[in-house]
There are 2 protein chains.
Amino acid sequence: MRALIDLIRLLPSQGQVNHLPRYRALVLRFQQAILSGQLSAGEQLPSSRELAEELGVSRNTIKNAYELLHAEGYIDTRKGSGSYVAHLPEHLLQKKERSPLGKSSLNNAHHSTGSDNVTADSSLKLQPAMAALDQFPMQVWKRCVNVAQASRSLLQSSPLAGDELLREAIAKHLLMRRGIQADPSQVVITSGSQEALYLVSRLLLKADDEVLVEAPGYQGTYDVVAQTGARIQSISWQALQQQPENTPNAKLLCLTPSRNFPLGHTLGLSSRLTLLALAEQNQSWILEDDFDCEFATGPVVSALLGLSQNQYAYQRVIYTGTFSRTVFPALRLGYVVLPTELIEPFLTQRNRVDGGLSRLPQLALAHFMISGEYSRHLKKMRLLYQQRRVEMEKALARSSLKDWPVIDAGGGMYLVLAMPEFVDDKALDNKAFDDLALCRYLTQQGFAVRPLSLYDPLTRQSGLVLGFSAEPEGKLASLVSELAALISAYQTIHTQ
Amino acid sequence: MRALIDLIRLLPSQGQVNHLPRYRALVLRFQQAILSGQLSAGEQLPSSRELAEELGVSRNTIKNAYELLHAEGYIDTRKGSGSYVAHLPEHLLQKKERSPLGKSSLNNAHHSTGSDNVTADSSLKLQPAMAALDQFPMQVWKRCVNVAQASRSLLQSSPLAGDELLREAIAKHLLMRRGIQADPSQVVITSGSQEALYLVSRLLLKADDEVLVEAPGYQGTYDVVAQTGARIQSISWQALQQQPENTPNAKLLCLTPSRNFPLGHTLGLSSRLTLLALAEQNQSWILEDDFDCEFATGPVVSALLGLSQNQYAYQRVIYTGTFSRTVFPALRLGYVVLPTELIEPFLTQRNRVDGGLSRLPQLALAHFMISGEYSRHLKKMRLLYQQRRVEMEKALARSSLKDWPVIDAGGGMYLVLAMPEFVDDKALDNKAFDDLALCRYLTQQGFAVRPLSLYDPLTRQSGLVLGFSAEPEGKLASLVSELAALISAYQTIHTQ
């Protein structure tokens, strides 16, 4: 008995175990002693009174520990004669590779995984598509959150499709700004356009289906579509624009008709009509990703879905949008507008995948939209971003990057520079001077600029996608100088 | 020109179009007229001044409309000579099945889909696993939301794995209450345990893999696992308890070792050790769904993952939990605790599926936990639910349902009645009297009781799962009377 008490007393208690309630720590020590064979089956445990005195803890602590050990099957309790170590199959005990308490993994609490890098971080310089968070109307937003919390209905799940108020507000916004007539029942709230893309792919695609993806385009599309086993083919926005009638037949076309990503080109009316007619004829689906319509320079062209609604009773266009760019990235809300007959199967799939989203952010966003604050914020940001774009273009023209042509069609949150030919020519080590290698280097220096070639599997054209939307007034000039200097230095190293 | 102006003036404007800004409504009318062929290619449009006068709107309205129509390719503008309808391919126009503006679908704004029924609704009577929302400390929660909103970092995305503060709080809670030593880096926040199950299935399973699912169990598991093409086999909790060594080999075992769903039985220590040894030997994975450990009567048995950590260095147990039951359903947050080597691939998969979740609810929950309010709430609810269970058992014993045996092991949010044999015997129409048909009838009467047979594909035992946790004090007696009366009436009809 003495040995047992000493054993329990002396078992190491490292790491977070120190923060446990006493009875829980005691339970852990007994569990280890029993599982490791240090306490044998049938061995009698000290009475709670005795052990309490020996360990200098209250008798209730011991009683609670014994009660839990008994409930978990580690000890048997015989009425009137005390507690005994339970009989457990010998061969299952004494594993050699036991992990001790407080093992090292407990200490790297802030270990971050590689995948964390994909999340937006406004401390990175010139990050594309990052909202100007310092301009976000935080007080207004807090009021919207408070209004959302005013009712206890907040506690009850929203419908699987998302909060009703938000879906109505989105339908109204789409009519006003995008020429889309959607019934709120067609709108499903998602965790950004990523989830919309995922759910649509899972719903519509099976192995060996053909999928066409506009190039350049969001590179994540390929990964998601490939998981379904479908066959992916890229099609350039030029081909879609110039010979839309030659577009190969496919089960699904992934398009950004209003603003190509990242170049910003808009698909013309004839091409749109042709693509819609083809979809109707081939019974294929079009996924319209309308990720970047709010901040572009020039008039906002209506969505392809709006045109389709004017032309066809039966809709083949599925429309997705996101609030990550227009409100703030941590909101993680987007939506999809579905043809009526896809609503039910889409929700069945959604029920499998995530079962719906948290109501509070949805309801707060609904109030943000209904109060008119969302439109006000969009208008303010549109002007701000246009100023910043001009500022950046000026800074580029004054820098050594002036020979890199701006090749995008006036995007509101980033611009795209093509890498000039001569850079490639001079480079002794061409591999080291493609845009991927350059961007890896720039990322190490704190710049979140992205390589253009990443987005275009057809041309692999080298270039840089430079964000300007999140940089405070007056800071763009110095950031562009810093960037130009880094690129010159890198260029010097790799052309010697 | 006169005809054109009349055409534009007279085009119907129904439904929500009335709420559009004037220039947007005008654009829609022109688009329709051009697409339908009512305006022909090359036809000259009235000048903005002329049309403004005719329609009695400002000249800017017309200018804005023409600008957008031009940007979208509907009209051409020739310097100094006005605007003309653009040339569009004839064969793409004049579709017969045009959907007119303001079509009926715009009016059923509150159309709810069938899938919406799966969401929790506290207005339903005796709903299983529904939290007592009237007891939720709303003021405390609002303070947590306000604390969460105090910092602008709220606007920036949380890591893909979820908010760091919340992951630390969960790791601490798991150590205190579930005997689990998890590093926060192993914890990934999900949209409920549903998403955890989905992501784990997609990560680990491929076509023709074998999966074992404990029966009875959550019926949604089958659906999610089946989507991966894996082969599913049910195994009874009795078999797992009595002959764990005979458990068939499988890639994944889906277990509820602490509390079977819905019966509440706990897997004993020997069985747990055997199942862990088998998983180690066969290199299979165990998914431990710990959905219902907080409110059970009696001591809270440690998680299987905790035992595994005591026994093995290499973890084969993946642990999931949810806050929908313990906080409120609309929160839609849960988590998964992953073996270290699954973290990276799990996050890669998560990045495809939803790209992460909204930060505000995560951060608010973190503050709710860190402040100790979560534990306080759990303790309060545990006592409350236990009182309600006693109250319900008394009410059942006084009712005509007294002959339906209570067969669960003391669940904290619902109890399970077996349908007595004689009910089946007496029924002339047995089909009409199985628990599925009975529950359909009871649902129509506003009761959200669930049929036991739904959860057990092996025995299909008939019974009722009755929630009591969300019913206010003193109301349970009358609800049980009402339920008993409905069942008697139904029984009378179907045994005549």
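Please refer to the structure placed before this passage.
This structure is a prediction, so every number in the text was calculated from the model and none was measured.

1. Notes on the overall build of chain A
Here is step 1 of the chain: When its secondary structure is counted, chain A shows 17 helices and 12 strands.
Here is step 2 of the chain: Taking all 496 residues of chain A together, 61% fall into the buried category.
Here is step 3 of the chain: Sequence-distant contacts, at least 24 apart, represent 71% of the contacts inside chain A between residues at least 6 apart.
Here is step 4 of the chain: Of the roughly 18,800 Å² of accessible surface on chain A, 50% is carried by carbon and sulfur atoms.

2. Description of the sheet that holds strand S8 (residues 317–322) of chain B
All names here are of chain B.
Here is step 1 of the chain: Taken in spatial order, the 7 strands make up an open sheet running S3-S9-S8-S7-S6-S4-S5, and their pairing is mixed. Two strands lie at the open edges of the sheet, namely strand S3 (187–190) and strand S5 (231–236), each paired on one side alone. The mean angle between the axes of side-by-side strands here comes to 20 degrees, regardless of whether they run parallel or antiparallel.
Here is step 2 of the chain: Where strand S4 (residues 210–215) and strand S6 (residues 252–255) come together, 3 bridges link them in parallel fashion.

3. Looking at the pattern of salt bridges
When charged atoms on two side chains of opposite charge get close, those side chains can pair.
Here is step 1 of the chain: The full count for this structure, using the stated rule, is 32 salt bridges over all chains.
Here is step 2 of the chain: Linking arginine 389 of chain A and aspartate 408 of chain A is a salt bridge whose minimum nitrogen-to-oxygen distance equals 2.9 Å. Here arginine 389 of chain A, found in helix H14 (residues 373–398), pairs with aspartate 408 of chain A, found in the loop between H14 and strand S10 (414–418); they are 19 residues apart in sequence, far enough to count as distant. For the pair arginine 389 of chain A and aspartate 408 of chain A, one class covers both residues: buried.
Here is step 3 of the chain: Of the charged contacts, one joins arginine 350 of chain B and glutamate 195 of chain B as a salt bridge, the two residues approaching to 3.5 Å between their closest N and O atoms. Placement of the pair is arginine 350 of chain B in helix H12 (residues 340–353) and glutamate 195 of chain B in helix H7 (residues 192–204), with a sequence separation of 155 residues.
Here is step 4 of the chain: For arginine 350 of chain B, a relative accessible area of 1% corresponds to the buried category.
Here is step 5 of the chain: The structure contains a network of salt bridges with shared partners spanning Asp163, Glu164 and Arg359 of chain A.

4. Comments concerning H7 of chain B
Residue and element names in this part refer to chain B.
Here is step 1 of the chain: In this model H7 runs 19 Å from its N-terminal to its C-terminal C-alpha over 13 residues, within 8% of the 18 Å that 1.5 Å per residue would give.
Here is step 2 of the chain: Counting buried residues in H7 gives 12 out of 13 residues, a clear majority hidden from the surface.
Here is step 3 of the chain: Those residues of H7 not exposed but buried are Gly192, Ser193, Gln194, Glu195, Ala196, Leu197, Tyr198, Leu199, Val200, Ser201, Arg202 and Leu204.

5. Concerning the packing of helix H16 (residues 435–444) of chain B against helix H17 (residues 476–493) of chain B
Any two packed helices are characterised by the angle at which their axes cross and by the distance between the axes.
Residue and element names in this part refer to chain B.
Here is step 1 of the chain: Where H16 meets H17, the axes come as close as 11 Å, and the angle between the chain directions of the two elements is 125 degrees. What the angle tells us is that H16 and H17 run oblique. As H16 runs across H17, the sense of the crossing is right-handed. The segment H16 lies against H17, with Ala437, Leu438, Tyr441 and Leu442 engaging Leu483, Leu486, Ile487 and Tyr490.
Here is step 2 of the chain: Within the contact of H16 with H17, the residues separate by chemical class into 8 nonpolar, no polar and no charged.

6. As for the environment of threonine 228 of chain A
Residues and elements named next belong to chain A.
Here is step 1 of the chain: Tracing the sequence through the fold places threonine 228 in the loop between helix H8 (220–227) and strand S5 (231–236).
Here is step 2 of the chain: Sequence spacing of threonine 228 and tyrosine 198 is 30 residues, and the spatial spacing of their C-alpha atoms is 9.6 Å.
Here is step 3 of the chain: For threonine 228, the side chain forms a polar contact with the main-chain nitrogen of alanine 230, separated by 3.3 Å.

Reading the values: the criteria
- Residues take numbers from 1 onward in each chain, read along the sequence in its written order.
- Starting at A for chains and at 1 for ligands, labels are handed out in the order in which the entities are written.
- With pLDDT at 70 or above as the cut-off, local features in this predicted model cover only qualifying residues; side-chain atom pairs require 80 or more to be listed or tallied, and sums for whole chains, interfaces and linings still use all residues.
- Side-chain numbers here rest on the full set of heavy atoms in the structure, without hydrogens or water.
- In this text, helices come from DSSP runs of H or I with a minimum length of four residues, and strands from runs of E with a minimum of two, each type numbered from the N-terminal end.
- Exposure categories follow from relative accessible area, calculated using a 1.4 Å probe and restricted to protein chains: below 20% of the type maximum is buried, above 50% is exposed, and the middle band is partly exposed.
- Here a residue-residue contact requires only that any non-hydrogen atoms of the pair lie within 4.5 Å.
- Areas reported here follow the Shrake-Rupley algorithm with a probe of radius 1.4 Å; residue values treat only the protein chains shown as occluding.
- Whether two strands pair depends on DSSP finding at least two bridges between them.
- Note on definitions: angles span 0 to 180 degrees between N-to-C directions of axes, and those axes are lines fitted to C-alpha atoms, for helices only across the stretch in contact.
- A pair is scored as a salt bridge if a Lys or Arg side-chain nitrogen falls within 4 Å of a carboxyl oxygen belonging to Asp or Glu.
- One less than the residue count of a helix, multiplied by 1.5 Å, gives the span that helix is expected to have.
- An angle counts as roughly parallel when it lies under 35 degrees, as roughly antiparallel when it exceeds 145, as roughly perpendicular when it falls between 65 and 115, and as oblique in every other case.
- When the near helix sits turned anticlockwise from the far one by under a right angle, the crossing is termed left-handed; a clockwise turn instead gives a right-handed crossing.
- The residue classification treats Ala, Val, Leu, Ile, Met, Phe, Trp, Tyr, Cys and Pro as nonpolar and Asp, Glu, Lys and Arg as charged. All others, Gly included, are polar.
- Counted as a polar contact is a pair of N or O atoms within 3.5 Å, where, for protein atoms, one must be capable of donating a hydrogen and the other of accepting one, and residues adjacent in sequence contribute only when both atoms are in side chains.

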